[in-house]
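Chain by chain, the residues run as shown.
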Amino acid sequence: MSEVKEALSSVDIAVIVEELQDLLGAKVEKVYQREQEIILRLHAHLEGKRLEAYGSSVDLVLEAGRRIHLTKYRMEMPKTPSSFAMLLRKHLKGGRIRSIKQRDFDRIVEICVERADSRRTLVLELLPRGNLLLLDENGRILQPLKRETFTTRTLLPSKLYEAPPSKLNPLVATQEDLRNLFAAKEEAEHRGKHGKSREVVKVLATETGLGGLYAEEVCLRAGVDKKKDAEKLSDEEIRAICDAIREIFQPIIEGDMSKIKPHIVFEANKEGEKVEESKERRGGVAVQVLPFELRRFEGCEKEYFQTFNDAVDEFFMRQTKERSQSFSVAEAEIERIERILREQESALLKFKQEEEECIRKAELIYTRFKEIEDALRKHAEELRKKGVKKREISLTLNDEGDVLELKLDPTRSLHENAARYYERAKALRKKREGVEKALTATRAKLEAERERVAAAEAEAKEAEKAKARVLRKKVVRDKKWYERFRWFFTSSGFLVVGGRDATSNEILVKRHMANEDIFFHTQAEGAPAVILKTEGRPVPDADLEEAAQFAASYSSLWKLGFYSGECYCVSATQVSKTPPSGEYLRKGSFVVRGKRRYFKVELALCVGIAEEKENRRECEEESERGESGKREREEREEREERESEGEGESEKKRRLRLVVCPVLALKHGVKLKYWVEVQPGDTRKEEIARAIRKILLEQAEKHGEREEIEEELSLDKLMQVLPGHLNLTYIHTNAC
């Protein structure tokens, strides 16, 4: 099954932004915040436009790092607005949208709102980390949704907003532009002669903003092997790639949205299972929402929509409903009551307006009695001359700018006609009062149903917490000092420990680094302090490389998107907290003096499950014996494995635990039962943590160990052990 889309790509945003041009001139009436979603409630004139189906009062959903679209679904808004929503209301309410544009084919949308006294810009960043910022007329940040500091820019109030560096726009790129991109001589020199080759699909995905899905489609249509080294592409292959880009994205390039085919792609839950034709597509899973048809999904079930905005709205709303289990009976009942409530509110408004109009017409008859009496007499005389018998005459009058139509009975006096309107108003008032009573009862019923659902959810959460507490009590053990930090044991058994932040860096170096230890660090800002505990023993080069890869992978190089980097090591005696005269060292920083040894390493980690030994001293004794101890350990493990085949599980005392180690350690002999390999890429950290948890739990299920490791594989623990602001592209899994 294909990976389910979690966020809009640059291509998707280009199409959405084009359709949202229908909103130009719309007035901002309210601003709400639901968790990470900002909703702009707009009053727009959409008659005769592409988005006409949304009506005049529309909700524009802005979710940082994920999506932007109008929604037809009625969402419950918080009763108390957040401080950020209040700020947006202060600056945007009453303003009109003057422009909606995509910045340089990037995942950034700028919405300009203009009022009589000001001009404000909302910048929605749909990049992996995501943000939403309010800017003033000069491009300075008034307030960000999240305050963040990057190497190249700072997103803080009063700072001038700077967008991330622009990438090559593939929609306007020429064949020569693509040739230069694939050649990338400077990048090749930076990697060095031992550097990894750059695959075509990765270059297109990361350096043009197309993303993995569209990059693969371009390679497929061009007939180019997606894993081929980009620097080895021929002119014919580059021309084919250029033509494929023109073919796929022709509607965007030409600005002709009539050529798009918005749709949701469904895939079967199981291999070979067919998707049944039904409105809810219960037989399949919605995996993608696309503006164009892609060859990759030929043969898959699809549901087509009038606009891409409709498709995106439906796709993400289905995701939301699936996650919150809103298709439950309780939620269905709430939706039914809400529908009745809306109908009653509509009827109440209608009766109230008709009642007021009847009273106004009756009063108008008395206010302009003589004028209406003369007009009525004149009309009656004309009808009598023509021999027409009519029981009702219509008079159109202008009342303070409003045009009112009076329907009068010429056989009755004006007093009787006015009385008819008063009687009609009285009947409408009784109907209105009846609807008001029903409305009160419906609201009470809705509130009671919501409270019942909330109580059930709270009870379920409490049960989960109780279950978690029971599971935590099952395993009680003393924590080692190094478990406060990031750590792993090398292939030869040396302990490597790294800091998590400036405070832990300081503690690690001051309290736990001995003179015989080795200190690792990278040149990049924001790197952890990493020490290898030698205990006076010589350290093989392989172990040094493992520690270097560990240090580089937890540095800022990862979140900046590098696939490799440099790391150096020095003796602990070369590290000092004493700065040069006249200089100041901030918390977590150190001065390194003397000669350094450099390593060029790939950024890659393994997250997996290992068996922890009952006696850690056993591992320390093996480390003291060096390579011979390593061989003895491997021989003993093989012997114990053969013996355990006849002993059964009851004889084995072990504990399974979550371990993170560099890929090199695994290659050099570190044992993990099952693991996933992670590298820098595009996916949000939380989503990757969920994916890793799912994969490892599936492996544990096969080994009958699921219950033992569920506590170890909590999302909180996974989020703590993964690198900084993690963005991953590929997940590789193996089991030994």
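See the structure shown above.
Residues numbered from 1 in each chain as written. Predicted model: local features only at pLDDT ≥ 70, side-chain atom pairs only at ≥ 80, totals over all residues. Heavy atoms only, no water.

(A) Representation of the overall build of the protein within the structure. Counting its regular elements, the protein contains 21 helices and 28 strands. A burial count over the protein gives 47% of its 736 residues as buried. A sequence separation of at least 24 residues applies to 65% of the contacts in the protein between residues at least 6 apart. Total accessible area on the protein stands at roughly 39,200 Å², and carbon and sulfur atoms take up 47% of it. (Helix = DSSP H or I, 4+ residues; strand = E, 2+ residues; numbered from the N terminus. Buried < 20%, exposed > 50% of the residue type's maximum accessible area, 1.4 Å probe, protein only. Contact = heavy atoms within 4.5 Å. Areas by Shrake-Rupley, 256 points an atom, 1.4 Å probe, with all protein chains shown as cover.)

(B) Structural view of the pattern of salt bridges. Evaluated as defined, the whole model comprises 54 salt bridges. A salt bridge links Arg432 to Glu355; the shortest N-O distance between them is 2.8 Å. Taken as a pair, Arg432 in helix α12 (residues 414-474) and Glu355 in helix α10 (residues 329-367) lie far apart in primary sequence, 77 residues in all. Relative accessible area serves as the criterion here: at 7%, Glu355 is assigned to the buried category. When salt bridges with common partners are traced through the structure, they connect Glu6, Arg34, Glu37, Glu63, Arg66 and Arg67 into a single cluster. (Salt bridge = Lys/Arg side-chain N within 4 Å of Asp/Glu carboxyl O.)

(C) Region of interest: the side chain of Asn505. Along the chain, the position of Asn505 falls in helix α13 (residues 502-512). Owing to a relative accessible area of 6%, Asn505 belongs among the buried residues under this scheme.

(D) Fine view of helix α3 (residues 175-183). Listed in full, the buried residues belonging to α3 are Leu178, Leu181 and Phe182. Along α3, the residues classed as buried sweep out an arc of 95 degrees about the axis, all on the same side. Tucked inside the fold, the buried residues of α3 contact α5 (200-207) and α7 (235-248). (Arc of directions from axis to C-beta.)

(E) Highlighting helix α19 (residues 685-702). Relative to the 26 Å expected for 18 residues at 1.5 Å per residue, α19 spans 26 Å between its end C-alpha atoms, a close match to the ideal helical length. Taken as a whole, α19 has its buried residues at Lys685, Glu687, Ile688, Ala689, Ile692, Ile695, Leu696, Leu697, Gln699 and Ala700. Gly704 occupies a position one or two residues after α19 and carries a positive phi of about 70 degrees. (Expected span 1.5 Å × (residues − 1).)

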